[in-house]
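# Descriptive structure summary
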Amino acid sequence: MVRRSPAALLLVAAIVGYVVWQRPEEPVPPPAPPKPVVLEYADGSRLWSSIDGYPQPTVAKRVLAELSEVSVPYNSLTPRGGVVRTTIDAKAQTTAAAVLGRLLAPKRGLDGSYPPERADAGMTAIDPVSGGVRVYLPGFGAEDLAGGTAQEVTPGLFGPFAGVRDVAKERMTALDVTAAYATLGAAGIERKPHLVSTVTGADGSMRYQAQDTAKPVIGEHVVDRITASLKEDAVCNGVPCVPYAAPWMVGYTPQLAVTVYVKKADVADAGLPRVIWQEFLAELAG
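For the structure given in this document, a descriptive report is provided here.

Rules and cut-offs
Residues numbered from 1 in each chain as written. Predicted model: local features only at pLDDT ≥ 70, side-chain atom pairs only at ≥ 80, totals over all residues. Heavy atoms only, no water. Buried < 20%, exposed > 50% of the residue type's maximum accessible area, 1.4 Å probe, protein only. Helix = DSSP H or I, 4+ residues; strand = E, 2+ residues; numbered from the N terminus. Salt bridge = Lys/Arg side-chain N within 4 Å of Asp/Glu carboxyl O. Phe/Tyr/Trp six-rings, centres within 6.5 Å; stacked < 30°, edge-to-face > 60°. Expected span 1.5 Å × (residues − 1). Arc of directions from axis to C-beta. Contact = heavy atoms within 4.5 Å. Disulfide = S-S within 2.5 Å.

It is worth spelling out the pairing of strand 4 (residues 120–126) at this point. Strand 4 sits mainly inside the fold: 7 of its 7 residues count as buried. Covered by surrounding structure in strand 4 are D120, G122, T124 and I126 together with A121, M123 and A125, the residues of both alternating faces.

Following this line, the structure appears as structure tokens:
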């Protein structure tokens, strides 16, 4: 049996220790990427995700702002992710965008620039039964013509409410106008318009669910009288509407209230809000 001196044993131990010390450490795995916050259309299809980055579409900004109003702020979802199901109808939103794009898309001049005073438009649509916003189109420019900037209300826009209920203000957004007429579409039941339906965490836990805010404000027999009167104009094609309040156009059914607002339209464009409104309803039905 070979006997080793204590010095030799110390030397071996030192060599082994050195080798172990030189061994590279196991690489630390990178942290898991944060789960995204996803905004969905009402049917569950994708509207926007936090991984899309900036700039955010105006409709996404509006939804994220509403999250704070319902006490589920966006930054409370970003650490672990979440899903926000909106009330926006994918088909209606796409149809509205196509109509506005066809009738109002800015056309470049010969020098390649857009005319500074070109017409622009916003469109909103609300489900009278729930108050859910089905269409939210802000227009082509930087100004949010759907629900961001209040515009001057034309005399006659709220004529059907005369003697019934004071809903008109000097300036209103298209969303406000649509909400007022959605009350008629709901047989006199007022509901607060909203874009957020549900919010769930990444683990599937329910963080928020919109509640019905139904409030009777107009008698049903009064609504029936107003609706019958508004249907009489041939321009409305059997849908109760207010066609002579340019640059506004608004109408409603029990399923949908729709408002169009056209900004910077000249005299020749006086009928443009009505044309946009009519074509939207026709294409949505088709």
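From this point, the discussion proceeds with the structure in view.
The subject of this paragraph is the pattern of salt bridges. Summed over the entire model, instances satisfying the criterion amount to 8 salt bridges. Note that D52 is salt-bridged to R46, the shortest N-O span being 2.4 Å. According to the relative accessible area criterion, D52 is partly exposed, its value standing at 38%. In this structure R46 comes out as partly exposed when scored by relative accessible area, which is 47%.

Turning our attention to the packing of aromatic side chains. The full count for this structure, using the stated rule, is 5 aromatic pairs. Aromatic pair W248 and Y261: ring centres 4.6 Å apart, planes at 50°, arrangement tilted. With W248 in strand 13 (residues 248–252) and Y261 in strand 14 (residues 257–263), the pair connects residues that are 13 residues apart, well separated along the chain. Exposure class is identical for W248 and Y261. Each is buried. Following the ring pairs from residue to residue traces out a cluster consisting of F158, F161, Y181 and Y252.

The terminal C-alpha atoms of helix 2 (residues 58–69), which comprises 12 residues, lie 17 Å apart, in line with the 16 Å expected from a rise of 1.5 Å per residue. For helix 2, the complete set of buried residues consists of V59, A60, V63, L64, E66 and L67. Down the axis of helix 2, the sector holding all buried residues measures 155°, keeping them to one side. Remark: S71 follows helix 2 within two positions and exhibits a positive phi of approximately 65°.

Inspection of the secondary structure assignment puts G148 in the loop between strand 5 (133–137) and strand 6 (151–152). Accessibility expressed as a relative area gives 49% for G148, which makes it partly exposed. Here the alpha-carbon distance between G148 and L175, two residues 27 residues apart in the chain, equals 8.8 Å. Not counting residues up to four positions away in its chain, the partners in contact with G148 are R62, Y136 and T173.

Quick look at the state of the cysteines now. Following the criterion strictly, the structure yields 1 disulfide and no others. Covalent S-S linkage joins C236 and C241, the inter-sulfur distance amounting to 1.8 Å. Because the torsion about its S-S bond is -80°, the bridge between C236 and C241 counts as left-handed. With respect to class, C236 is no different from C241; both count as buried.

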